[in-house]
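Observations on the model geometry
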Amino acid sequence: MLAYTYVKPGTFALLEKPKPVLLHPKDAIVRVTLSSICTSDLHIKHGSVPKAVPGITVGHEMVGVVEACGSQVATVRPGDRVAVNVETFCGSCFFCRHGFVNNCTDPNGGWALGCRIDGGQAPFVRVPFADQGLTVIPDTVSDEQALFVGDILATGFWAARISEIQREDTVLILGAGPTGICTLLCVQLQHPKRIIVCEKDPQRRQFVREHYPDVLVVAPEEVEAFVQNHSDHGGADVVLEVAGGNDTFRLAWTCARPNAVVTIVALYEEPQVLPLPDMYGKNLTFKTGGVDGCDCEEILSLIAQGQLDTTPLITHTFPLQQVEQAYALFEERRDGVIKVALKP
Ligand SMILES: [Zn+2]
Ligand SMILES: [Zn+2]
């Protein structure tokens, strides 16, 4: 089969590889029906993910059909349509039992698929700990609707869940890229009084205005004054920082009111400054990433109920054979791209 492969920093290539096989009784093999490109794939390509292993197939956002299961797999059967979780976790260690699956202590735990082991920009993928890593997709939910459940939608859902959002709150979301929009959708489920989205790209600001007319949209240059004027207690009650830009960590805490919750979802490429003397007395609570991706069943049920819809984010679809063109479009942010789907 042809699999899109991390050859070395700077180089991905579509290479011929053998079809994956079961290596452990808890493994499943999934025939990938739809996958997508994530910004994290670009981080691997640029050599900024030290754990990424050269030679692996990339891709960690995908849906498919179970092809084969190991003898200890209990929750899925061959033929089941499934969403694949970006995180591999054992389900039984201290962290897994507390829902902190991102910190699973198993050697295979954490972000393994498409980083340390072969991922899903290929026709087939082996998924370890299939009972935890696969979630059956309800019949009424399409592949397109389920595509982001295991990664960026799981991230948005987790971020909204831990941010202690109340009905009377003004919530500020920094960043309206794919994960920012997923975060927005999950924050909307909690019905805060007001949601403000701050985004530097005019096209993405327009995308949010068009699709989510109830949301207030602002550019970074104006966000501090805007939040002051559109909040009840001198700043946002909750801030979710999803942008990861040069100045967005500072904006996150300066736009927060005293005693606010500031949730950092973004993955920064540089260290950030936490100027404690400047924020002394503001009594902020910071929460930091990464995602505990263990809510996929609940997310899929919200999609089935019509409460979550990420299909507008899929702006482009390519066959896997044209993966090079798909990456170029995504990387150069051409043609209003938000997310690209790949069909093996
Ligand atoms: Zn990702
Ligand atoms: Zn674990």
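Presented here is an overview of the structure given in this document.

Conventions we followed
- Residues numbered from 1 in each chain as written.
- Chains lettered and ligands numbered in written order.
- Predicted model: local features only at pLDDT ≥ 70, side-chain atom pairs only at ≥ 80, totals over all residues.
- Helix = DSSP H or I, 4+ residues; strand = E, 2+ residues; numbered from the N terminus.
- Rg over C-alpha atoms; globule rule 2.2 N^0.38 Å.
- Buried ≥ 20, exposed ≤ 12 C-beta atoms within 10 Å, placed from the backbone.
- Arc of directions from axis to C-beta.
- Contact = placed C-beta atoms within 7 Å.
- Core = buried A, V, L, I, M, F, W, Y, C linked by C-beta atoms within 7 Å.
- Pairing = 2+ DSSP bridges.
- Axes fitted to C-alpha atoms, helices over the stretch in contact; angles between N-to-C directions.

**Here's the deal with the overall build of the chain**
Helix and strand counts for the chain stand at 12 helices and 17 strands. The C-alpha atoms of the chain give 20 Å as radius of gyration, which agrees with the globular expectation for 344 residues (20 Å, within 12%). Burial status across the chain gives 48% buried among its 344 residues.

**So, helix α7 (residues 202-211)**
Taken together, the buried positions of α7 are occupied by Arg204, Phe207 and Val208. Buried residues in α7, looked at end-on, bunch into an arc of 95°, giving them a common side. Exposed residues lying more than 90 degrees from the buried face of α7 are Pro202 and Glu210. Of the surrounding secondary structure, the elements contacted by the buried residues of α7 are β11 (194-198) and β12 (216-218).

**Thoughts on the nonpolar core**
Membership of the largest hydrophobic core comes to 106 residues, with the highest contact counts inside it found for Ala28, Val30, Leu172, Ile173 and Val239. When residues no more than four places from it in sequence are discounted, the contact partners of isoleucine 173 are Gly180, Thr183, Leu184, Val187, Ile195, Val197, Leu240 and Val242.

**Description of the sheet that holds strand β15 (residues 285-288)**
Strands sit in the order β12-β11-β10-β13-β14-β15 across an open sheet of 6 strands; the sheet is parallel. Edge positions in the sheet fall to β12 and β15, since each of these pairs with one other strand and no more. Taking each pair of neighbouring strands and ignoring which way they run, the sheet shows an average axis angle of 20°. For strand β13 (residues 236-241) and strand β14 (residues 256-264), the ladder comprises 5 bridges, and the chain directions are parallel. In the sheet register, glutamate 241 faces β14, and the bridge partner there is isoleucine 264. Where helix α6 (residues 178-188) meets the sheet, its contacts fall on β10 (170-174), β11 and β13, and the angle it forms with β10 comes to roughly 165°.

**A closer look at the environment of serine 301**
Tracing the chain through its elements places serine 301 in helix α11 (residues 296-304). Judged by C-beta crowding, with 14 C-beta atoms within 10 Å, serine 301 ranks as partly exposed. Serine 301 sits 160 residues away from valine 141 along the chain, and the two C-alpha atoms are 9.0 Å apart.

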